[in-house]
Amino acid sequence: MALRRLQRELADMMKNPPVGISAGPVNDDMFRWQGELIALGESPYKGGVFKINIEFSTDYPFKPPIVKFATKIYHPNVDDDGSICMGLLKSEVWKPAAKLLDVLLALSLLIEQPVPEDALQQSVAEVYNTDPKKFQKTAREWVKKYCDRVVA
């Protein structure tokens, strides 16, 4: 079931590719994908191209995928190892009707709009809440330093 569902989701994403989002299997392994998100909105991440790693269990879609940033990002909801704190990825919130595209769109929104009250990085959340200029400056510096490329 998981394999068929992933093949269908991949075909759907290729047929109607979302702006600034791409993802697909690594070496034809349908349970291990890599993706890219381009930060498009008005945020300190704007133009940054962020790589993400996605792993699906054989229980997908009944269990959420494991999604991690491969690109370092200064963000309150992303840990040092790339782990992401996002409601949709939590087991108690995940619904089998959700698709990877839903996850990627939510992640794209999370990049633009951090949720400091659900932070994995408390120190980053504190800077976000108390010194927005410093947060934006540091986030922009990390984009320049860690993103493989930045688009205009």
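Note that the structure is a prediction, hence the values are computed from the model and not measured. (Residues numbered from 1 in each chain as written. Predicted model: local features only at pLDDT ≥ 70, side-chain atom pairs only at ≥ 80, totals over all residues. Heavy atoms only, no water.)

J.: Pulling in residues and values, what's your account of the pairing of strand 4 (residues 66-69)?
T.: Residue alternation in strand 4 divides its side chains into a buried set, V67 and F69, and an unburied set, I66 and K68. As defined by bridge partners, strand 3 (residues 49-55) adjoins strand 4 across 4 bridges and the pair is classed as antiparallel. Bridging across to strand 4, I54 finds its partner in V67. (Buried < 20%, exposed > 50% of the residue type's maximum accessible area, 1.4 Å probe, protein only. Helix = DSSP H or I, 4+ residues; strand = E, 2+ residues; numbered from the N terminus. Pairing = 2+ DSSP bridges.)

J.: Got a sec to walk through unusual backbone geometry? Specific residues and values, please.
T.: Across the junction of Y60 and P61, the peptide omega takes the value 10°, indicating a cis bond. Positionally, P61 belongs in the loop between strand 3 and strand 4. Located in the positive-phi region is N27, a residue other than glycine, with phi close to 50°. Along the chain, N27 turns up in the loop between strand 1 (21-26) and strand 2 (29-38). Within the chain, D28 stands out as a residue other than glycine whose phi angle is a positive 65°.

J.: Which residues make up the nonpolar core, and what are the values?
T.: Among the nonpolar cores identified, the biggest contains 38 residues, and W33 and L100 are the most heavily contacted of them. At the level of elements, helix 1 (2-15), strand 1, strand 2, strand 3, strand 4, helix 2 (100-112), helix 3 (122-130) and helix 4 (132-146) are the ones that each hand at least two residues to this core. In terms of residue count, the dominant contributor to this core is helix 2 (6 residues). Excluding residues within four positions of it along the chain, W33 makes contact with L6, L10, M13, A23, G24, P25, V26, I52, N53, I54, F56 and L100. (Core = buried A, V, L, I, M, F, W, Y, C linked by side-chain atoms within 4.5 Å. Contact = heavy atoms within 4.5 Å.)

J.: So, the pairing of strand 3: which residues are in play, and what are the values?
T.: As judged from the 7 bridges shared by strand 2 and strand 3, these two strands associate in the antiparallel manner. Note that in strand 3 the partner of L37 across the bridge is F50.

J.: An account of helix 4 is requested, with residue identities and associated values reported.
T.: The end-to-end C-alpha distance of helix 4, which contains 15 residues, comes to 21 Å, matching closely the 21 Å that a straight helix rising 1.5 Å per residue would cover. All of the buried residues in helix 4 are F135, T138, A139 and V143. On an axial view of helix 4, the arc spanned by its buried residues comes to 145°, and they lie on one face. With respect to the buried face of helix 4, the exposed residues turned more than 90 degrees away are K133, K144 and K145. Here the buried face of helix 4 lies against strand 3 and helix 3. (Expected span 1.5 Å × (residues − 1). Arc of directions from axis to C-beta.)

J.: Can you lay out the environment of G24 for me, pointing to particular residues and giving the numbers?
T.: For G24, the position within the fold is in strand 1. According to the relative accessible area criterion, G24 is buried, its value standing at 14%. G24 sits 10 residues away from M14 along the chain, and the two C-alpha atoms are 9.1 Å apart. Setting aside anything within four residues of it in sequence, one finds G24 in contact with L10, R32, W33 and Q34.

J.: Can you explain the sheet that holds strand 1? Please cite residues and give values.
T.: If you trace the 4 strands from one edge of the open sheet to the other, you get 1-2-3-4, paired in antiparallel fashion. Sheet topology places strand 1 and strand 4 at the edges, where each strand pairs with a single neighbour. Put simply, the sheet's adjacent strands are angled 25° from each other on average, direction ignored. Here helix 1 sits on the sheet and contacts strand 1 and strand 2; the angle it forms with strand 2, its principal contact strand, is near 30°. (Axes fitted to C-alpha atoms, helices over the stretch in contact; angles between N-to-C directions.)

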